[in-house]
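# Geometric and topological summary
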Amino acid sequence: FRLQKWAGAEQSFQQTVLLDPVDAKALLRLALSQNNQDHFEQVCKTLKTFVVLQPAHSKARLLLANANFNCGRYHAASSQYAKAAELYEQEGNQEAEMEASLGHALSLSKVSKPSEASLSTAAAAFSHAIKLATKNGSTENQQPVHVGHHLLHEVHQMYGELLLE
């Protein structure tokens with residue numbers, strides 16, 4: 001695992017999980033080795049089990065959200081990003097909370113037929129992420145704030161198009 005031989009690590013952790021399906025440490029390491037090989041479907045399956053065992057594990061929630069996003073499951077990603085943002089807020093980790101908030105908003109904006117409610121939630125999440133970024137000392141020209149403003153603008157355009165339909 002430490003030598004970054006992901007396929008071998010994955011096999012090893014799969015064996016451990018077969019012997020003990022509730023070994024949280026093995027499940028998390030299995031998911032990380034799967035993620036590092038871009039096996040996002042397997043990551044989702046593994047982490048769904050893990051978060052049942054440890055529902056307040058913020059990093060696992062964020063990893064599960066990213067894997068769902070990479071699989072095109074934007075609703076599932078959105079709910080995991082929201083939960084991760086909530087957990088990071090409780091932990092006082094504003095940088096990770098900002099990342100999760102941006103993911104939450106972005107996943108909501110990717111839904112094939114966004115609703116007025118999902119676009120409103122996306123706009124609120126983008127605004128929150130921008131607020132966190134500026135609170136952490138980012139300026140308008142720095143990437144988190146710039147990206148947040150750009151995506152917020154896109155959500156507002158999508159909202160306008162929805163109203164015209």
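Residues numbered from 1 in each chain as written. Predicted model: local features only at pLDDT ≥ 70, side-chain atom pairs only at ≥ 80, totals over all residues. Heavy atoms only, no water.

## What to know about the packing of aromatic side chains
Put simply, the rule is: Here a Phe, Tyr or Trp ring, Trp counted by its six-membered ring, pairs with any other such ring whose centre lies within 6.5 Å, and the pair is stacked when the planes are under 30 degrees apart, edge-to-face when over 60, and tilted otherwise.
This structure, assessed with the given rule, holds 1 aromatic pair. Here Phe 69 and Tyr 74 contribute two aromatic rings whose centre-to-centre distance is 5.1 Å and whose plane-to-plane angle is 70 degrees, an arrangement assigned as edge-to-face.

## Let's talk about the packing of helix H4 (residues 58–70) against helix H5 (residues 74–91)
Going by this rule: Here an axis means a line fitted to C-alpha atoms, over the contact stretch when the element is a helix, while the angle between two N-to-C directions is reported on a 0 to 180 degree scale. Numbering goes from the N terminus for both helices and strands, where a helix is a DSSP run of H or I of at least four residues and a strand is a run of E of at least two. Small angles under 35 degrees read as roughly parallel and large ones over 145 as roughly antiparallel, with 65 to 115 read as roughly perpendicular and the rest as oblique. Left-handed describes a crossing whose near helix is turned anticlockwise from the far helix by less than a right angle; the clockwise case is right-handed. In this analysis, two residues are considered to be in contact whenever any of their non-hydrogen atoms come within 4.5 Å of each other.
In contact at an axis separation of 8 Å, H4 and H5 are set at 160 degrees when each is read in the N-to-C sense. By the angle between their directions, the pair H4 and H5 is classed as roughly antiparallel. Here H4 and H5 pass one another in a crossing that is left-handed. Counted together, Ser 58, Lys 59, Arg 61, Leu 62, Leu 64, Ala 65, Asn 66, Asn 68 and Phe 69 of H4 and Tyr 74, Ala 76, Ala 77, Gln 80, Tyr 81, Lys 83, Ala 84, Leu 87, Tyr 88 and Glu 91 of H5 form the full contact between these two elements.

## Concerning unusual backbone geometry
We apply this condition: Exposed residues in this analysis have more than 50% of their type's maximum accessible area, buried residues have under 20%, and partly exposed residues fall in between, with area computed by a 1.4 Å probe over protein chains only.
For Asp 38, which is not glycine, the phi dihedral falls at a positive 60 degrees. Structurally, Asp 38 is set in the loop between helix H2 (24–35) and helix H3 (40–53). The exposure class of Asp 38 is exposed, given its relative accessible area of 52%.

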